[in-house]
Amino acid sequence: EAEVAQSPRYKITEKSQAVAFWCDPISGHATLYWYRQILGQGPELLVQFQDESVVDDSQLPKDRFSAERLKGVDSTLKIQPAELGDSAMYLCASSLPGQGARETQYFGPGTRLLVL
Amino acid sequence: GNSVTQMEGPVTLSEEAFLTINCTYTATGYPSLFWYVQYPGEGLQLLLKATKADDKGSNKGFEATYRKETTSFHLEKGSVQVSDSAVYFCASGSARQLTFGSGTQLTVLP
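A. Region of interest: the environment of A:Lys71. Considering the arrangement of structural elements, one finds A:Lys71 in the loop between strand S7 (65-68) and strand S8 (75-79). In this structure the C-alpha to C-alpha distance between A:Lys71 and A:Glu52, which are 19 residues apart in sequence, comes to 6.0 Å.

Here is the structure:
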């Protein structure tokens, strides 16, 4: 069964450093999402791509976060500089384009970030 | 905007007990409704979904029915197992965004 791949699984960094997370969606899934999940809460959307274009980045803290999906396949999420409050699980999900978020989103295993 | 309210946990049950986790939503239009499960240190796995009123989603003994009149999508299982211990998230998906509840931690004791 096809899965969403993410790396690294765990990342420890010091504040003010740069970090990057990678996601490879299920083949054929044009829509890709990045979420942030703080411990004990549900995931919150950071950015949504349709192919290589950003559809929604209204919740992305653009002063320090950036995301790209240059060829419309895999994607990178970057934080620079990292802050203590960025410690969280970063989840990537993908779906068929269909009916937006009415379509099932398939999640990767996540990257657990700890900022010291 | 859309919102999802689910029963707060944690919930602790004995093996073979009946499970209900309540979920209600507010949304414009007709969202799809989902239950996801998250095991420790892992991502979310789709448990079941329903796309229109009166649809029943089911998987692995879990069931939930899309109730438009009460805007609810309660999760049920007749006999829980220790392996069902996890965090369960209810979610509402509109054209624009997938909105999650805060999650319910379930622990099943042998």
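Moving on, there is more to tell.
B. Representation of the pairing of S8(A) within the structure. All names here are of chain A. Counting buried positions over the 5 residues of S8 gives 4, a clear majority of the element. With 5 bridges connecting them, strand S3 (residues 19-24) and S8 associate as antiparallel partners. Within S8, the position partnered with Ala 20 by the bridge is Lys 78. Pairing between S7 and S8: 4 bridges, direction antiparallel. The residue of S8 that forms the bridge with Ser 66 is Lys 78. Connecting S7 to the antiparallel partner S8 that follows it, the hairpin turn spans 6 residues, and Gly 72 within it adopts a positive phi of roughly 75°.

C. Quick peek at the state of the cysteines. Scanning the model with the defined rule gives 2 disulfides over all chains in all. Through a disulfide, A:Cys23 is tied to A:Cys92; the S-S separation comes to 1.9 Å. One quick way to see it: the torsion about the S-S bond of A:Cys23 and A:Cys92 is about -70°, and its sign makes the bridge left-handed. With A:Cys23 in strand S3 and A:Cys92 in strand S9 (residues 88-95), the pair connects residues that are 69 residues apart, well separated along the chain. As far as burial versus exposure is concerned, A:Cys23 and A:Cys92 are alike and both buried. With a sulfur-sulfur separation of 1.9 Å, B:Cys23 is cross-linked through a disulfide to B:Cys90.

D. Seen up close, the sheet that holds strand S1 (residues 5-7) of chain A. All names here are of chain A. Strand order in this open sheet of 4 strands is S1-S3-S8-S7, and the pairing throughout is antiparallel. Edge strands, defined here as strands with exactly one partner in the open sheet, are S1 and S7. Sheet twist, expressed as the mean angle between neighbouring strand axes with direction ignored, is 15°. Bridge analysis of S1 against S3 gives 3 bridges, and the strand direction is antiparallel.

E. Up close: unusual backbone geometry. Geometrically, the link from A:Ser7 to A:Pro8 is a cis peptide bond, its omega value of -10° lying close to zero. A cis amide bond links A:Gln80 to the next residue, A:Pro81, at an omega of -5°. Relative to the assigned elements, A:Pro81 resides in the loop between S8 and S9. Of note, A:Ser16 is a non-glycine position whose phi angle comes to about 80°, a positive value. Residues other than glycine seldom take positive phi values, yet B:Asp54 does so here, at roughly 75°. Inspection of the secondary structure puts B:Asp54 in the loop between strand S6 (44-50) and strand S7 (56-59). Judged by its relative accessible area of 54%, B:Asp54 falls in the exposed class.

Cut-offs used in this document
- Residues numbered from 1 in each chain as written.
- Chains lettered and ligands numbered in written order.
- Predicted model: local features only at pLDDT ≥ 70, side-chain atom pairs only at ≥ 80, totals over all residues.
- Heavy atoms only, no water.
- Helix = DSSP H or I, 4+ residues; strand = E, 2+ residues; numbered from the N terminus.
- Buried < 20%, exposed > 50% of the residue type's maximum accessible area, 1.4 Å probe, protein only.
- Pairing = 2+ DSSP bridges.
- Disulfide = S-S within 2.5 Å.
- Axes fitted to C-alpha atoms, helices over the stretch in contact; angles between N-to-C directions.

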